[in-house]
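Residue strings, one per chain:
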Amino acid sequence: ELRPAPTFEYLLRAIVYQQLNGKAARTIHERVLALLPKKPRPSALLALTDEALRGAGLSHSKTLSVRDLAERAAAGRLPTRARLERMDDEAVIDALCEVRGIGRWSAEMLLMFNLGRPDVLPVGDFGVRQGFGLLMGRRTPPTPLALERRAARWRPYRSVASWYMWRAVDLARAAAAGK
């Protein structure tokens, strides 16, 4: 069984992976982790120079974001996993969005994939909306509001519905590629 990552490690990975393809993101993430102890600690990241982080492949903006994350974690201002587990979804999202570089989508992914919350619907995720459009036989994806209204009936398992919508997109892409 996989153990969920601590909040700091999960969000560090989320920041590194943002707006990059999987292979490039993985390479940069591995380089950043190579600069840190086996168990990444905020204090170890803060001890690194900006040049070292940039040398690992982080942009200036991502360097600022991972430093903000580490500063908050080191100061006890980043909720621990145990604390997040006791918070409701919107409180988790609000707390995590205070970190530079972490938006609603990243917080929703943490809720779904790290905390295992069953009722998260990331309506801002284009893949979820696109998958819904495919499953409903529509040419265009719904707006976030239209999806949210339609998905109300899927409570309390909207995370599962999201996984199916992502899978629908994967299958459509594979079919289009002739696989």
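Residues numbered from 1 in each chain as written. Predicted model: local features only at pLDDT ≥ 70, side-chain atom pairs only at ≥ 80, totals over all residues. Heavy atoms only, no water.

K.L.:
How should the packing of helix H1 (residues 7–17) against helix H5 (residues 60–74) be read in this particular structure?
P.N.:
Helix packing geometry: the angle between the two helix axes and the distance between the axes. Interaxial distance between H1 and H5 falls to 10 Å at its minimum, and their mutual angle equals 170 degrees. Between H1 and H5, the angle is such that the two are roughly antiparallel. Counting all contacts with H1, which are made through Phe8, Leu11, Leu12, Ile15, Val16 and Tyr17, the residues of H5 involved are Lys62, Ser65, Val66, Leu69, Ala70 and Ala73. When the residues that make up the contact of H1 with H5 are grouped by side-chain class, the tally is 10 nonpolar, one polar and one charged. (Axes fitted to C-alpha atoms, helices over the stretch in contact; angles between N-to-C directions. Helix = DSSP H or I, 4+ residues; strand = E, 2+ residues; numbered from the N terminus. Parallel < 35°, antiparallel > 145°, perpendicular 65-115°, else oblique. Contact = heavy atoms within 4.5 Å. Nonpolar A, V, L, I, M, F, W, Y, C, P; charged D, E, K, R; others polar.)

K.L.:
Can you help me understand the pattern of salt bridges in this one?
P.N.:
Pairing of side chains with opposite charge becomes possible as their charged atoms draw close. The tally for this structure, following the rule as stated, stands at 10 salt bridges. For Arg67, the salt bridge goes to Asp50, with nearest N and O atoms at 2.5 Å. Residue Arg67 is located in helix H5, and its partner Asp50 is located in helix H4 (residues 50–55); the two are separated by 17 residues in the primary sequence. Taken together, the salt bridges that share partners define one network made up of Asp68, Arg72 and Glu98. (Salt bridge = Lys/Arg side-chain N within 4 Å of Asp/Glu carboxyl O.)

K.L.:
Any chance you could explain the side chain of Asn114 here in plain terms?
P.N.:
With respect to the helices and strands, the residue Asn114 is situated in helix H8 (residues 104–114). Within the structure, the side chain of Asn114 is placed 3.1 Å from the backbone oxygen of Ala5, a separation counted as a polar contact. Those residues in contact with Asn114 that sit more than four places away from it in its chain are Pro4, Ala5, Tyr10, Arg81 and Met109. (Polar contact = N/O pair within 3.5 Å; in protein donor to acceptor, adjacent residues only side chain to side chain.)

K.L.:
Can you help me understand the side chain of Arg67 in this one?
P.N.:
The exposure class of Arg67 is buried, given its relative accessible area of 14%. Polar side-chain contacts of Arg67 include one of 3.4 Å to the backbone oxygen of Leu46. When neighbours within four sequence positions are excluded, Arg67 is seen to be in contact with Leu45, Leu46, Leu48, Thr49, Asp50 and Leu53. (Buried < 20%, exposed > 50% of the residue type's maximum accessible area, 1.4 Å probe, protein only.)

K.L.:
How should I be thinking about unusual backbone geometry in this particular structure?
P.N.:
That bond from Arg155 to Pro156 is cis: its omega, 5 degrees, falls within 30 degrees of zero. Positive phi is not limited to glycine here, since Gln19 has a value of about 60 degrees. Position of Gln19 relative to the elements: it lies in the loop between H1 and helix H2 (22–34).

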